Amino acid sequence: MKKGLWKRGLALALAAVISLELGACGGKDENSQQAKENVYSFQDIIQLDTQENVNESIENVFYKDDMLYMMITRYVYDPESDTEVTYGYYRMGVDGSDKSFVELECPERDGNSGYINSSIFTDGYIYAVENSYYEDWSDPENPIWEDRYFLDCWDIDGKLQWSARIDNAGEDEYTYCNYLLNGGEGKVLAIMGGSKYEAVVYGPDGEQKLRSELDQDLFNRSNSVFTKDDGTLMVMSYNEDWTKCYLSNYDIESGKVGGDQTEVNFTSFYNIYPGTNSDLMMTNNIGVYTWNVGDAEPKMFMSYVNSDLPTNSVRCIQIIDDQHFAAVYSDFNSYEQKFAYFTYVDPADIPDKEVLVLGGEYFNSDLRRRVLEFNKTSDKYRITLRDYSIYDTYDDWTAGQTRLNSDIVGGQMPDIMVLNDMSSYGNYVSKGVLADIGKLLAADEELGKLEYLQNVWDAYSINGKLYAVVPSFNVRTMIAKKSLVGEPETWTMEDVEAVLATMPEGAQAFGDMMRDSYIFYMLSYAGQDFVDVETGKCNFNSQSFMDMLEYAKTLPKEYPEDYWENYDYFSYQNQYREDRCLLCDLYMSNIRDCKRAIKGWMGEDVTFVGFPTADSNGSTINAGNYTFVISARSKHTEGAWQFVRQYLTPEYQTGDQIWDMPVLKSAFLDQAKEAMERPYWTDQDGNKEYYDDTWYVNGEDIVLDPFTQEEVDEICEFIYSVNRLSYYNEDISNIITEEAEAFFVGQKSVQEVAGVIQSRVQVYVNENR
């Protein structure tokens, strides 16, 4: 589905919102029920060895005959000698009782160092693929380096039964083990990849039962490979144009797909395993899911957030019964691997709270950590997540956005949304579905007294009202040498041409920029000159836009064939110092990092001129990690504000979660002061060890001194002046590219092309408001 079609549908659907008189964002009972679904309590059942200089890594988990087996690799670090590596497994009851450790006897291999690639338990045996690196310098003229793969087999007591080398690469070929799988009837199946795909089957007696070359094309397109309990090989693979995915069984003896192929209608954001009580079991960063052939979409089995589980990753799931399972999860608070026993929680046993829905796509660990903390500390509210990315499919990557659209129209808009794409922000505001953040901020007893950067609020305001919470921001601009441009009162394409006329012959405005890249920058920096986001009025038949098209015509459509062969990085790096290029694109995530561009690339005082635009306002603001909005029709506005306000508090604004520039002015100025300090690292005693930033110019390193107070003040004043959002719309860009081609090849005048673009884009904007 094309993005333009989705946006058009969104606009028409949103137009209906006003007449629908939407009530709450989901009824209380419905949202409360959602927060009580797919909930499991959990208990960590084993503590890995955390002694100093010891690390244990969980490789795999198996469940059999009421016992759990956890395969681990143990590393013991000794500064005086090589690291000692031990392989083995913990055996325990499902509650962690009767725990014992069995060390696996490792085969001796002269001249080798290696590690366990993968492992499985079968009927009374443990199999693992050992990746061993071999070196032989006995003949210095012909040294040998080889990656070797061995299939090792142990009995349940850890005694080595046999070991067989299974790699089969010829001269100038390479190989590796992709998967180690249950081959059925006690056998083991290794899928080897590399220069060719092969299936290698061994029995418990150490005899090779089969080696067969696989369908190279099919396995190159595979997404996941696994076996059923009986050893049937299942392959999930893309079609030839990578737009759909199919699940099928594969006969390794004949090398052919057997039976019917089943189309899989979910994306590759899942980790996929064979199911116990379902065809597939899958995990992503939201929860655990099941799927059966014929299902329209995966069915959630466990929600991490609803279960208060601090993770974005669960693996090695072992179903115990219909109420319990065991699994490994990565704790994003302690950054540890943990092994836990999970128990289903009946919704009737979960206390009632007012439930808010937080919607968006691809929630990161920090946000989920804060949701869990909010749910834990709030006596009144509870947040549940709705990740719309799970609805994306291989042939429709906007399905999640379409689902969000349906939720808005159907009265199910989330109470809080995290916007990754600002293209619909103005539409949401014009339809009245967003709450006035400015009012909530002003009424806040603590935050209402603090000073934030007004220019950031102005950038996100429409008709004088702020509808978004933006905790951090960055600035995009263009800089030029002050000796070339001075401090111009205007900065248009005409001004650029005038400065270029004073520079050495052949000097360029934007360096080696291609035509399509210029159009991208033009829309990003100057799009609001041509599309008024508040009124929807377009202005593509303006002289400013026609001047930009005239300049675009002078740029090459693509790089010469030998461009990268002859590319000289140091020549490119010196183009600004040598006045061969006028404008340098500058991304400002903090003031300190501007030093390399200003003092390194340019090498002298600069002017923040921005991209040349009709109103000389060619610098833009973008949100950092998050842009939060609150539904105007939420019944839980107070609870929604309680959650999002934390991102504006001094604690968050001065914390290490801010990767860009904080919006709280005092925090912004504190960060700016760091630009006047030499860079440093902190030693183990907490002492600062200072060093110098350097820049390589004309064969030598030069020291880049920290900014002075005067320089920082000048940069801050510039940042305060930037008050517009970057603008980009793929559909509008496509219209410009399609229609401008007639001008670029000389078929139409620039006035004719600008008129057609104006007409088409105005129709598009009207349809999408």
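Residues numbered from 1 in each chain as written. Predicted model: local features only at pLDDT ≥ 70, side-chain atom pairs only at ≥ 80, totals over all residues. Heavy atoms only, no water.

### Notes on the pattern of salt bridges
For step 1, the next point in the chain: The final tally for this structure, using the stated rule, is 38 salt bridges.
For step 2, the next point in the chain: A salt bridge links Asp-366 to Arg-370; the nearest nitrogen and oxygen atoms lie 3.3 Å apart. With a gap of four residues between them, Asp-366 and Arg-370 both fall in helix H5 (residues 365–377), about one helical turn apart. Like Arg-370, Asp-366 is buried.
For step 3, the next point in the chain: Among the ionic pairs, Glu-741 bridges to Lys-557, the shortest N-O distance being 3.7 Å. Linking Glu-741 in helix H20 (residues 730–744) with Lys-557 in the loop between helix H13 (543–553) and helix H14 (569–573), this pair joins segments that are 184 residues apart in sequence.
For step 4, the next point in the chain: Among the residues examined, Lys-557 registers a relative accessible area of 53% and is labelled exposed. (Salt bridge = Lys/Arg side-chain N within 4 Å of Asp/Glu carboxyl O. Helix = DSSP H or I, 4+ residues; strand = E, 2+ residues; numbered from the N terminus. Buried < 20%, exposed > 50% of the residue type's maximum accessible area, 1.4 Å probe, protein only.)

### Some words on the sheet that holds strand E26 (residues 381–387)
In a beta sheet, neighbouring strands pair by backbone hydrogen bonds and run either parallel or antiparallel.
For step 1, the next point in the chain: With respect to topology, four strands assemble into an open sheet ordered E26-E25-E27-E34, the strand pairing being mixed. The two strands at the open ends of the sheet, each matched to only one other strand, are E26 and strand E34 (628–630). Here the average twist between neighbouring strands, direction ignored, is 25°. (Pairing = 2+ DSSP bridges. Axes fitted to C-alpha atoms, helices over the stretch in contact; angles between N-to-C directions.)

### Describing the sheet that holds strand E23 (residues 324–331)
For step 1, the next point in the chain: Reading across from one edge, E1-E24-E23-E22 is the order of the four strands in this open sheet, with antiparallel pairing throughout. The outermost strands of the open sheet, each flanked by one partner alone, are strand E1 (40–46) and strand E22 (311–321). Taking each pair of neighbouring strands and ignoring which way they run, the sheet shows an average axis angle of 30°.
For step 2, the next point in the chain: Looking at chain direction, E1 and strand E24 (residues 336–344) are connected through six bridges and run antiparallel. Along E24, the bridge assignment pairs Tyr-40 with Tyr-344.

### Digging into a nonpolar patch on the surface
For step 1, the next point in the chain: Together, Tyr-559, Trp-564, Tyr-567, Tyr-569, Phe-570 and Tyr-696 give the surface a local cluster of nonpolar side chains, amounting to about 630 Å² of exposed area.
For step 2, the next point in the chain: Secondary-structure assignment places Tyr-569 in helix H14. (Patch = residues over 30% accessible without salt bridge, like charges linked within 9 Å, V, L, I, M, F, W, Y side chains within 5 Å. Areas by Shrake-Rupley, 256 points an atom, 1.4 Å probe, with all protein chains shown as cover.)

### Side note on the packing of aromatic side chains
For step 1, the next point in the chain: In the structure shown here, the tally under the stated rule is 56 aromatic pairs.
For step 2, the next point in the chain: Ring centres of Phe-608 and Phe-718 lie 4.4 Å apart, and the angle between their planes is 15°; on these two criteria the pair is classed as stacked. Here the residue Phe-608 occupies a position in strand E32 (residues 606–608), and Phe-718 occupies one in helix H19 (residues 709–721), the gap between them amounting to 110 residues. Like Phe-608, the residue Phe-718 is buried in the burial classification.
For step 3, the next point in the chain: In this arrangement the basic side chain of Arg-74 is found over the ring face of Phe-101, its NZ or CZ atom lying 4.6 Å from the centre.
For step 4, the next point in the chain: Above the face of the Tyr-720 ring, Lys-665 is positioned so that its terminal group lies 5.0 Å from the ring centre. (Phe/Tyr/Trp six-rings, centres within 6.5 Å; stacked < 30°, edge-to-face > 60°. Lys NZ or Arg CZ within 6 Å of the ring centre and 35° of its normal.)

### Here we look at the packing of H13 against helix H21 (residues 750–767)
For step 1, the next point in the chain: Viewed as axis vectors pointing N to C, H13 and H21 meet at an angle of 120°, and their least axial separation amounts to 10 Å. Regarding the angle of H13 to H21, the classification is oblique. H21 is crossed by H13, and the crossing has right-handed handedness. The segment H13 lies against H21, with Phe-545, Met-546, Leu-549 and Glu-550 engaging Val-750, Gln-751, Val-753, Ala-754 and Ile-757.
For step 2, the next point in the chain: A per-class count over the contact of H13 with H21 returns seven nonpolar, one polar and one charged. (Parallel < 35°, antiparallel > 145°, perpendicular 65-115°, else oblique. Left-handed = near helix turned anticlockwise from the far one by under 90°. Contact = heavy atoms within 4.5 Å. Nonpolar A, V, L, I, M, F, W, Y, C, P; charged D, E, K, R; others polar.)

### Section: the confidence of the model for the chain
For step 1, the next point in the chain: Per-residue pLDDT for the chain has a mean of 88; in total, 95% of the residues score no lower than 70.
For step 2, the next point in the chain: Scored below 50 in pLDDT, residues 1–28 shows 65 contacts in the model against residues more than four places distant or in partner chains. (pLDDT = per-residue confidence, 0-100.)

### A word on the pairing of strand E15 (residues 233–238)
Successive residues of a regular strand alternate their side chains across the two faces of the sheet.
For step 1, the next point in the chain: Across the six residues of E15, six count as buried, placing the element largely inside the fold.
For step 2, the next point in the chain: Of the two faces of E15, the one lined by Leu-233, Val-235 and Ser-237 and the one lined by Met-234, Met-236 and Tyr-238 are each fully buried.
For step 3, the next point in the chain: Examined bridge by bridge, strand E14 (residues 222–227) and E15 share five bridges and lie antiparallel to one another. Counterpart to Phe-226 in the pairing with E15 is Met-234.
For step 4, the next point in the chain: Connecting E14 to the next strand, E15, in antiparallel fashion are five residues, including Gly-231 with a positive phi near 90°.
For step 5, the next point in the chain: Across six bridges, the pairing between E15 and strand E16 (residues 245–251) is antiparallel. Its bridge partner being in E16, Ser-237 is matched across the sheet by Tyr-246.
For step 6, the next point in the chain: Linkage of E15 to E16, two consecutive antiparallel strands, is achieved through a turn of six residues, within which Trp-242 is found at a positive phi near 60°.

### Describing unusual backbone geometry
For step 1, the next point in the chain: Of note in the backbone geometry, Asp-66 takes a positive phi value of approximately 65° without being a glycine.
For step 2, the next point in the chain: A positive phi is found at Cys-316, a non-glycine position, where the angle reads about 55°.
For step 3, the next point in the chain: In this fold, Cys-316 is placed in strand E22.
For step 4, the next point in the chain: On the basis of relative accessibility, which here comes to 11%, the residue Cys-316 falls in the buried class.

### Here's the deal with H5
For step 1, the next point in the chain: Taking 1.5 Å as the rise per residue, H5 with 13 residues should run 18 Å; its terminal C-alpha atoms sit 18 Å apart, in good agreement.
For step 2, the next point in the chain: Sitting at the head of H5, Asn-364 places a side-chain oxygen 3.2 Å from the backbone nitrogen of Asp-366. (Expected span 1.5 Å × (residues − 1). Polar contact = N/O pair within 3.5 Å; in protein donor to acceptor, adjacent residues only side chain to side chain.)

### Observations regarding the side chain of Lys-338
For step 1, the next point in the chain: Counting through the fold element by element, Lys-338 comes out in strand E24.
For step 2, the next point in the chain: Within the local environment of Lys-338, its side chain forms a polar contact with the side chain of Asp-331, the two groups lying 3.0 Å apart.
For step 3, the next point in the chain: With residues near it in sequence (within four places) discarded, Lys-338 still touches Asp-44, Ala-327, Val-328, Tyr-329 and Asp-331.

### Observations concerning the packing of helix H12 (residues 515–530) against H20
For step 1, the next point in the chain: Direction vectors running N to C along H12 and H20 enclose 130°, while the axes themselves pass 11 Å from each other. Here H12 is positioned oblique relative to H20, judged by the angle of their axes. Between H12 and H20 lies a crossing whose hand is right-handed. Facing Arg-515, Asp-516, Ile-519, Met-522 and Leu-523 of H12, the residues of H20 in contact are Ile-732, Ser-733, Ile-736, Thr-737, Glu-741 and Phe-744.
For step 2, the next point in the chain: Here the residues of the contact of H12 with H20 are counted per class, giving six nonpolar, two polar and three charged.

### What to know about H13
Every α-helical turn comprises 3.6 residues, leaving residues that sit three or four positions apart pointing alike.
For step 1, the next point in the chain: Listed in full, the buried residues belonging to H13 are Ser-544, Phe-545, Met-546, Met-548, Leu-549, Tyr-551 and Ala-552.
For step 2, the next point in the chain: Buried residues along H13 sit in contact with helix H11 (493–500), H12, H20 and H21.

### Some details on the pairing of strand E11 (residues 187–194)
For step 1, the next point in the chain: Across the eight residues of E11, seven count as buried, placing the element largely inside the fold.
For step 2, the next point in the chain: Pairing analysis gives eight bridges linking strand E10 (residues 175–184) to E11, with the strands arranged antiparallel. Directly across from Cys-177, in E11, lies its bridge partner Met-192.
For step 3, the next point in the chain: Turn length for the E10-E11 hairpin, with the two strands adjacent in sequence and antiparallel, is two residues, and the turn residue Glu-185 shows positive phi of about 55°.
For step 4, the next point in the chain: Linking E11 back to strand E12 (residues 198–202) in an antiparallel pair, the connection comprises three residues.

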